[in-house]
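Working through the structure, step by step
What follows is each chain in one-letter form.
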Amino acid sequence: QKEVEQDPGPLSVPEGAIVSLNCTYSNSAFQYFMWYRQYSRKGPELLMYTYSSGNKEDGRFTAQVDKSSKYISLFIRDSQPSDSATYLCAMREGGGGKLIFGQGTELSVKP
Amino acid sequence: NAGVTQTPKFRILKIGQSMTLQCTQDMNHNYMYWYRQDPGMGLKLIYYSVGAGITDKGEVPNGYNVSRSTTEDFPLRLELAAPSQTSVYFCASRRRTGGDQPQHFGDGTRLSIL
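Residues numbered from 1 in each chain as written. Chains lettered and ligands numbered in written order. Predicted model: local features only at pLDDT ≥ 70, side-chain atom pairs only at ≥ 80, totals over all residues. Heavy atoms only, no water.

Focus: the overall build of chain B
- In terms of regular secondary structure, chain B is built from zero helices and eleven strands.
- Helices and strands in chain B line up, N terminus first, as β-β-β-β-β-β-β-β-β-β-β.
- Relative to its length of 114 residues, chain B is compact, with a C-alpha radius of gyration of 13 Å against a globular reference of 13 Å.
- Considering only contacts in chain B between residues 6 or more positions apart, those separated by 24 or more positions represent 55%.
- When the accessible surface of chain B is split by element, carbon and sulfur atoms take 50% of a total near 5400 Å². (Helix = DSSP H or I, 4+ residues; strand = E, 2+ residues; numbered from the N terminus. Rg over C-alpha atoms; globule rule 2.2 N^0.38 Å. Contact = heavy atoms within 4.5 Å. Areas by Shrake-Rupley, 256 points an atom, 1.4 Å probe, with all protein chains shown as cover.)

Here we look at the sheet that holds strand β1 (residues 4–7) of chain B
All names here are of chain B.
- Strand order in the open sheet made by the four strands is β1-β3-β8-β7, with antiparallel pairing throughout. The outermost strands of the open sheet, each flanked by one partner alone, are β1 and β7 (64–66). Sheet twist, expressed as the mean angle between neighbouring strand axes with direction ignored, is 20°.
- Looking at chain direction, strand β3 (residues 19–25) and strand β8 (residues 76–78) are connected through three bridges and run antiparallel. Across the sheet, residue Thr20 finds its bridge partner in β8, namely Arg77. (Pairing = 2+ DSSP bridges. Axes fitted to C-alpha atoms, helices over the stretch in contact; angles between N-to-C directions.)

A few points about the pattern of salt bridges
Residues and elements named next belong to chain B.
- Across all of its chains, the model carries seven salt bridges over all chains by this definition.
- Arg36 is the salt-bridge partner of Asp38, the closest N and O atoms lying 3.2 Å from each other.
- Where Glu59 meets Lys44, a salt bridge forms, and the shortest distance between an N and an O atom there is 3.8 Å. Of this pair, Glu59 sits in the loop between β6 (54–57) and β7 while Lys44 sits in strand β5 (residues 43–51), placing them 15 residues apart in sequence. (Salt bridge = Lys/Arg side-chain N within 4 Å of Asp/Glu carboxyl O.)

Focus: the interface of chain A and chain B
- The interface of chain A with chain B comprises 20 residues on the first partner and 21 residues on the second.
- Summing both sides of the interface, chain A and chain B together bury roughly 1700 Å²; the carbon and sulfur share of this comes to 54%.
- Its largest share of buried area at the contact with chain B, chain A owes to Arg41, Lys98 and Phe101 of chain A, together 28% of the area lost on that side.
- The salt bridge partner of Lys42 of chain A is Asp107 of chain B, with a shortest N-O separation of 3.4 Å.
- At the surface where chain A touches chain B, the tally comes to five residue pairs in polar contact (both at pLDDT 80 or more).
- Counting residues per element, the side of chain A that touches chain B draws most heavily on strand β4 (residues 32–38) of chain A, which supplies four residues.
- Here the residues of the side of chain A that touches chain B sort into nine nonpolar, seven polar and four charged. (Buried area = accessible area lost by both parts, 1.4 Å probe. Polar contact = N/O pair within 3.5 Å; in protein donor to acceptor, adjacent residues only side chain to side chain. Nonpolar A, V, L, I, M, F, W, Y, C, P; charged D, E, K, R; others polar.)

Re the layout of surface pockets
- If you add up the space inside the largest pocket, you get close to 460 Å³.
- Lining the largest pocket we find 22 residues, and of these Gln38 and Thr86 of chain A together with Gln37, Pro39 and Gly40 of chain B sit closest to its centre.
- Here the lining of the largest pocket gets three residues from one element, more than from any other, and that element is strand β9 (residues 87–94) of chain B.
- In terms of residue class, the lining of the largest pocket is made up of seven nonpolar, ten polar and five charged.
- Size it by volume and the second largest pocket reaches roughly 260 Å³.
- Around the second largest pocket, the lining is made up of 16 residues, and of these Glu3, Ile100 and Phe101 of chain A together with Lys44 and Glu59 of chain B lie nearest the centre.
- Elements that contribute at least two residues to the lining of the second largest pocket include exactly β10 (100–101) of chain A together with β5 of chain B.
- Per-element accounting of the lining of the second largest pocket gives the leading share, three residues, to β5 of chain B. (1 Å grid on protein atoms, 1.4 Å probe; cavity = no way out; pocket = protein on both sides within 12 Å on 5 of 7 lines; lining within 4 Å. Points joined across faces, edges and corners; volume = space filled by probe spheres on them.)

These results come straight from atomic positions and should not be treated as a statement about function.
As structure tokens, this is what we get:
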């Protein structure tokens, strides 16, 4: 079993749709949870960060962490064509721990 | 502010050749990382460094070497290129303090071994 599993996609939605991206993990020691966005032929960039359980909202993006279920989600409201990218979940234990990435989900938002 | 800069952007190597992928950052970050990204496989950690003179293996270190003589630079060396090393390589850096410090990535080096 992989330490972090991410829904494989690819995912194609119409503009304005609500998008849900998800990851599950097996290591209960993970404390820091992140979502990176990666545009084609670019490096990943941090989109959202959450410490421990709970929700965090930033504009159209909401990150959720459920540590009891070992499950994290990223919601995108009113999706835009500019949201078309690969989304990678990532997590680590302590502050100095190594980041473990999911496989990535490719999202396409059609106008 | 350039951030993390990787060179070259593209390279084609023949089997058995060697090369160095360059990475430099201008943010005075202590931690630096090398990842490879294969289609549908996410990012796999090759090597990392917590400061100048200190390096350690990640998940997939075989076939690679690194050095960290300065805070700014973290080159990755391939000694005997093999087709299995065809991939996109990303360098990243972050501050030492604070678990919420994000990793900043370069735009990658696309490497093909033929």
